[in-house]
Amino acid sequence: LKTRGTPLDEIGQLAHYMAQTRVDQFPALARSIIGRFYMSRWWRKRTEKKALDSQRRQYAGAFVYEVLPGDGETYQWGINYLECGVVKYFHAQSADEFTPYMCIIDFLMFPAMGIQLKRQGTIANGCTHCDFRFQKR
């Protein structure tokens, strides 16, 4: 689309539509179960172990992140992505301008699973990290 001169906002709208269509393909019950699993203590502990692995930076194009405990009031747990695999991939494809559109998709996926996502910024938008904060809805 980029090489054919399609405007950036149209490409972004198409990505959003495709993501919403994909999310809507999953039955509500399945999304709910996935959300409960994602918010479980077991998943958080698993994610903490994987975060430590990510910090070894074994793979250049991978995500690097840390897990944060909840603050007891505004969120149950969180992830700070220190390096983003999506940003790295899009950069390698000379398509940096598209990464913010990929970040918006998170606000489709998590609510569909019954999870409230709070985020102040993303690497794709110039922040030092992506700050994901999760709360059951």
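These notes cover the structure that comes with them. Every residue gets a number counted from 1 within its own chain, in the order that chain's sequence is written. For this predicted model, a pLDDT threshold of at least 70 governs which residues receive local features, and a threshold of 80 or more governs which side-chain atom pairs are given and counted, while totals over whole chains, interfaces and linings are taken from all residues. Side-chain numbers here rest on the full set of heavy atoms in the structure, without hydrogens or water.

1. As for the pattern of salt bridges
Selection rule: Between Lys or Arg on one side and Asp or Glu on the other, a salt bridge is scored when a side-chain nitrogen of the former is within 4 Å of a carboxyl oxygen of the latter. In DSSP terms, a helix is any run of H or I states spanning at least four residues, a strand is any run of E spanning at least two, and both are numbered starting from the N terminus. Buried, partly exposed and exposed residues are distinguished by accessible area as a fraction of the type maximum, computed with a 1.4 Å probe on protein chains only: under 20%, between the cut-offs, and over 50%, respectively.
Inspection of the entire model under this criterion finds six salt bridges. In this structure, the salt-bridge partner of Lys2 is Glu97, at a minimum N-O distance of 3.0 Å. Taken together, the residues span a long stretch of sequence, with Lys2 in the segment before helix 1 (8-25) and Glu97 in the loop between helix 4 (85-92) and helix 5 (99-104) at a distance of 95 residues. A relative accessible area of 43% places Lys2 in the partly exposed class. Connected through shared salt-bridge partners, Arg57, Glu83 and Lys88 make up one network.

2. What to know about the packing of aromatic side chains
Using the following cut-off: Between rings of Phe, Tyr and Trp, where Trp is taken as its six-membered ring, a pair exists when centres lie within 6.5 Å; planes separated by under 30 degrees are stacked, by over 60 edge-to-face, and by other angles tilted.
One pass over the structure, following the stated rule, counts 15 aromatic pairs. When the ring of Phe110 is compared with that of Phe134, the centres are 5.1 Å apart and the planes differ by 45 degrees; the resulting orientation is tilted. Of this pair, Phe110 sits in helix 6 (residues 106-112) while Phe134 sits in strand 4 (residues 130-136); the two residues are 24 residues apart in sequence, bridging distant segments of the chain. Like Phe110, the residue Phe134 is buried in the burial classification. Note on Phe132 and Phe134: the rings are 6.1 Å apart at their centroids and 40 degrees apart in plane angle, and the pair reads as tilted. A residue is classified by how much of its surface remains accessible, and Phe134, at 0% relative accessible area, is buried. Of the aromatic side chains, those joined through ring pairs into one cluster are Phe37, Tyr38, Trp42, Trp43, Phe63, Tyr65, Trp77, Tyr81, Phe110, Phe132 and Phe134.

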